[in-house]
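The lines below spell out each chain.
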Amino acid sequence: MPASPAGSTTAGRCLLIVPAFNERESIAKVVRELRAQAPFADVLVIDDGSTDGTPHHVPRTATVVSLPFNLGIGGAMQTGYRYAALHGYDFAVQVDADGQHPADQVPGLLDALHTTGADMVIGSRFIEPGGYQQSFSRMAGIRVLGGLIQLLTGKQITDCTSGFRAVNRRVIQAFAHWYPEDYPEPEVAMLLHRGGFQVCEVPAVMQQRTTGESAFSLFNGLFYVVKVAMCLILDTIRNPWPSEKVHAP
């Protein structure tokens, strides 16, 4: 039997999007593990204006798109989704560049996307009790935002800040058209649900960050929660994805 084309599965072509800002210490290992655990997928690293030489540490088995300056996670991910849309990918998986998302769980996330029929599957750290440790302040912030999403939509999201998620072609098209800035994960979970997309969660075991620096520090945590909460409330009247901008798969 001939080998499958690069980036393909039995159901379609898959792109692993890795947003990276100053992650030179971890990016090579992340890419190598993704290629080993998900050889059916292509890997795209979005260098978000790094100043530490991150793109020079990316193995040649991945494609690198370097942004001219730091846009933040929202701009980096929209770049990745636009790339996926332009190149005709059927599925995309967001994977952090710091190594917190184990590569061997990528196939399981895609399997859940196929078996549930969802448009987006979120890998949640909190569905099952596990070893992932969060500070009290971060856990409180996640619960506040998750509670607000449930209040506004009726949909329970246990890990609304998780960046480990898989999407289908309809969501790729939507995100290529519009994607929130700053810390977009809670917003897109809510907006997709409101837009009629199916969103579900599956358990995911994630690792603690060992290199780099988290963007969600104790100092900006309160501001983050207040800012995102205001955005979630405003999102109740927002329609970022007109039907003509989202094509059927």
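This text follows the structure it describes.
What counts as what
- Residues numbered from 1 in each chain as written.
- Predicted model: local features only at pLDDT ≥ 70, side-chain atom pairs only at ≥ 80, totals over all residues.
- Heavy atoms only, no water.
- Helix = DSSP H or I, 4+ residues; strand = E, 2+ residues; numbered from the N terminus.
- Contact = heavy atoms within 4.5 Å.
- Areas by Shrake-Rupley, 256 points an atom, 1.4 Å probe, with all protein chains shown as cover.
- Buried < 20%, exposed > 50% of the residue type's maximum accessible area, 1.4 Å probe, protein only.
- Polar contact = N/O pair within 3.5 Å; in protein donor to acceptor, adjacent residues only side chain to side chain.
- Salt bridge = Lys/Arg side-chain N within 4 Å of Asp/Glu carboxyl O.
- Phe/Tyr/Trp six-rings, centres within 6.5 Å; stacked < 30°, edge-to-face > 60°.
- Pairing = 2+ DSSP bridges.
- Axes fitted to C-alpha atoms, helices over the stretch in contact; angles between N-to-C directions.
- Lys, Arg positive; Asp, Glu negative; His and termini not counted.
- Parallel < 35°, antiparallel > 145°, perpendicular 65-115°, else oblique.
- Left-handed = near helix turned anticlockwise from the far one by under 90°.
- Nonpolar A, V, L, I, M, F, W, Y, C, P; charged D, E, K, R; others polar.

This part covers the overall build of the protein. Scanning the protein for helices and strands turns up seven helices and seven strands. Ordering the α and β elements of the protein from the N terminus gives β-α-β-β-α-β-α-β-α-β-α-α-β-α. For the protein, the proportion of contacts with a sequence separation of at least 24, taken over those separated by at least 6, is 77%. Accessible surface, the protein as shown: approximately 12000 Å² in total, 55% of it carbon and sulfur.

On to the side chain of Asp48, then. Within the secondary structure, Asp48 sits in the loop between strand E2 (42-47) and strand E3 (63-66). The exposure class of Asp48 is buried, given its relative accessible area of 4%. One polar contact links the side chain of Asp48 to the main-chain amide nitrogen of Leu71, over a distance of 2.7 Å. Apart from residues lying up to four places away in sequence, Asp48 is in contact with Ala20, Phe21, Leu67, Phe69, Asn70, Leu71, Gly72, Ile73 and Ala76.

For the rest of this paragraph, the subject is the environment of Arg13. Along the chain, the position of Arg13 falls in the segment before strand E1 (14-20). Overall, Arg13 belongs to the partly exposed group, its relative accessible area being 28%. Taking C-alpha positions, Arg13 is 9.9 Å from Arg169, a pair spaced 156 residues apart along the chain.

Moving on: the pattern of salt bridges. For the structure on display, the rule yields four salt bridges. We note a salt bridge from Asp90 to Arg169, for which the minimum N-O separation is 2.0 Å. Note that Asp90 is positioned in the loop between helix H2 (72-86) and strand E4 (91-94) and Arg169 in helix H5 (residues 169-177), a separation of 79 residues in sequence. According to the relative accessible area criterion, Arg169 is partly exposed, its value standing at 28%. Put simply, Arg238 and Asp235 hold a salt bridge, and the shortest N to O gap is 3.0 Å. For Asp235, a relative accessible area of 0% corresponds to the buried category.

Here we take up the packing of aromatic side chains. Considering all chains together, one arrives at six aromatic pairs under this definition. Note on Phe175 and Trp241: the rings are 5.9 Å apart at their centroids and 50 degrees apart in plane angle, and the pair reads as tilted. Residue Phe175 is found in helix H5, and its partner Trp241 is found in the segment after helix H7 (218-234); the two are separated by 66 residues along the sequence. Note on Phe175: relative accessible area 0%, which makes it buried. Taking relative accessible area as the criterion, Trp241 reaches 8% and is therefore assigned buried. A ring pair is formed by Trp178 and Trp241, whose centres lie 6.0 Å apart and whose planes are at 65 degrees; its orientation type is edge-to-face.

To continue, consider the sheet that holds E3. Sheet strands associate in pairs through backbone hydrogen bonding, adopting either a parallel or an antiparallel arrangement. Read from one edge of the open sheet, seven strands run E3-E2-E1-E4-E6-E5-E7, paired in mixed fashion. Each end of this open sheet is capped by a strand with a single partner; those strands are E3 and strand E7 (199-203). Averaged over all pairs of adjacent strands, the angle between their axes in this sheet comes to 20 degrees, without regard to strand direction. For E4 and strand E6 (residues 165-168), the ladder comprises four bridges, and the chain directions are antiparallel.

We now examine the side chain of Asp42. One can find Asp42 in strand E2. Buried charge without a salt bridge: Asp42, with Arg13 as the nearest opposite-charge side chain at an N-O distance of 4.0 Å. At 2.5 Å, the side chain of Asp42 and the side chain of Tyr89 are in polar contact.

What follows covers the packing of H2 against H5. Packing of H2 against H5 leaves a shortest axis separation of 8 Å and a crossing angle of 125 degrees. With respect to each other, H2 and H5 are oriented oblique. For the pair H2 and H5, the sense of crossing is left-handed. Residues Gln78, Tyr81, Arg82, Ala84 and Ala85 of H2 pack against Ile172, Gln173, Phe175, Ala176 and His177 of H5. Here the residues of the contact of H2 with H5 sort into six nonpolar, three polar and one charged.

Function cannot be inferred from these measures alone, as they are strictly geometric.
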